Amino acid sequence: MRMLLGIVPLLVGLGASSAIAQSAGLGEVLVSASRNDARFWQKDRPVVGLRRQADGMVMNLTIVSDTRDAATRRSEIDAALLAAIDRAVASGFQLVTGTVQLEPVTKANYRSLPQLPAGRVDTSRVELMVRGKFEGSSRATQDKLKVFIASLKGNGRATIETTSVTSLSVDNPDQYRERILALVAQDARTTAGIFGSDFTFSVTGVDGQVIWTQASPSDVFLYIPYRYAITPRQSDGRTAP
């Protein structure tokens, strides 16, 4: 099962240069503003990591029915959900569920989705998400999701609802672990070199897990919570003859 990110916060293009990939980069900023005010700012995020475009974008989807008879209500929601699954497959989208790892909703497992109360005793809802491949800009991908959701049909008194809120997704962030470590090592060597040949570095935290956060409307930032210190090289105690 593929692991997907939702952030971000929840990536296509692996060809980013090291200089771009190392920093989440704010661009031009207002001097009167604080970094704390920056969008997607995160206090404990390190400088070095891998920034790349998201693999996908997800948008919430809710199917609601207020038919009084419980069995009919469930049947209406199920019928609308099955039709949405078919349309998603035909249109290149995917229905998913989950809070961290996204799982595809299929005809084999759709009945496992809970039908929740929706404000009244005779109203039920099913909540899930639609995932679309990230293509072009954030706005373009969001618009494609909206158009797809608008094309879905209800059944009986079952209707389709959504919001404009989106999250990004990334496919299996752990696959980038070695690339992130290489960026950290490169940055540590470069920083130590700025202080001169008499300095070296030590790194901690690189055994931690890959963490993800949103860096822009279209990009995610993948990192390991490393720390490094620049210290003078230890003398071996020998003197020249």
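Scoring rules and cut-offs
- Residues numbered from 1 in each chain as written.
- Predicted model: local features only at pLDDT ≥ 70, side-chain atom pairs only at ≥ 80, totals over all residues.
- Heavy atoms only, no water.
- Helix = DSSP H or I, 4+ residues; strand = E, 2+ residues; numbered from the N terminus.
- Buried < 20%, exposed > 50% of the residue type's maximum accessible area, 1.4 Å probe, protein only.
- Areas by Shrake-Rupley, 256 points an atom, 1.4 Å probe, with all protein chains shown as cover.
- Pairing = 2+ DSSP bridges.
- Axes fitted to C-alpha atoms, helices over the stretch in contact; angles between N-to-C directions.
- Salt bridge = Lys/Arg side-chain N within 4 Å of Asp/Glu carboxyl O.
- Expected span 1.5 Å × (residues − 1).
- Arc of directions from axis to C-beta.

A. The overall build of the protein chain, seen in detail. Per the secondary structure count, the protein chain includes four helices and eleven strands. Counting over 241 residues, the protein chain shows a buried share of 38%. Entry remark: accessible area of the protein chain is about 13700 Å², with carbon and sulfur atoms responsible for 53%.

B. Inspection of the sheet that holds strand β10 (residues 219-223) at higher detail. Pairing is antiparallel across the open sheet formed by three strands, whose spatial order is β1-β10-β9. Each of the sheet's edge strands pairs with one partner strand only, and the pair in question is β1 (50-53) and β9 (211-214). Strand-to-strand twist of the sheet, defined as the mean angle between neighbouring strand axes without regard to direction, takes the value 25°. In this structure, β1 lies alongside β10, joined through four bridges in antiparallel fashion. In the sheet register, Gln 53 faces β10, and the bridge partner there is Asp 219.

C. Seen up close, the pattern of salt bridges. One pass over the structure, following the stated rule, counts nine salt bridges. Ionic pairing is found between Asp 78 and Arg 74, a salt bridge with its closest N-O pair at 3.9 Å. Note that Asp 78 and Arg 74 are positioned in helix α2 (residues 70-91) at a spacing of four residues, about one turn of the helix. Three or more residues are tied together by salt bridges with common partners; here these are Arg 74, Asp 78 and Arg 111.

D. Representation of helix α4 (residues 177-195). Taking 1.5 Å of rise per residue, the 19 residues of α4 would be expected to cover 27 Å, and the 28 Å separating its terminal C-alpha atoms lies within 8% of that figure. When α4 is considered as a whole, its buried residues turn out to be Ile 180, Leu 183, Val 184, Asp 187, Ala 188, Thr 191 and Ala 192. In an axial view of α4, the angular spread of the buried residues amounts to 160°, which keeps them on one side of the axis. Away from its buried face by more than 90 degrees, α4 exposes Glu 178 and Arg 189. Gly 196, located one to two residues past α4, shows a positive phi value of around 115°.

E. Up close: unusual backbone geometry. A positive phi angle, close to 70°, is found at Phe 40, a residue other than glycine. Here Phe 40 shows up in the loop between α1 (18-22) and β1.

F. Representation of the pairing of strand β3 (residues 94-97). As defined by bridge partners, β3 adjoins strand β6 (residues 124-133) across three bridges and the pair is classed as antiparallel. Its bridge partner being in β6, Val 96 is matched across the sheet by Met 129. As defined by bridge partners, β3 adjoins strand β4 (residues 103-104) across two bridges and the pair is classed as antiparallel. Looking at β4, one finds that Val 96 is bridged to Pro 104. Two successive antiparallel strands, β3 and β4, enclose a turn made up of five residues, where Gly 98 displays a positive phi of approximately 130°.

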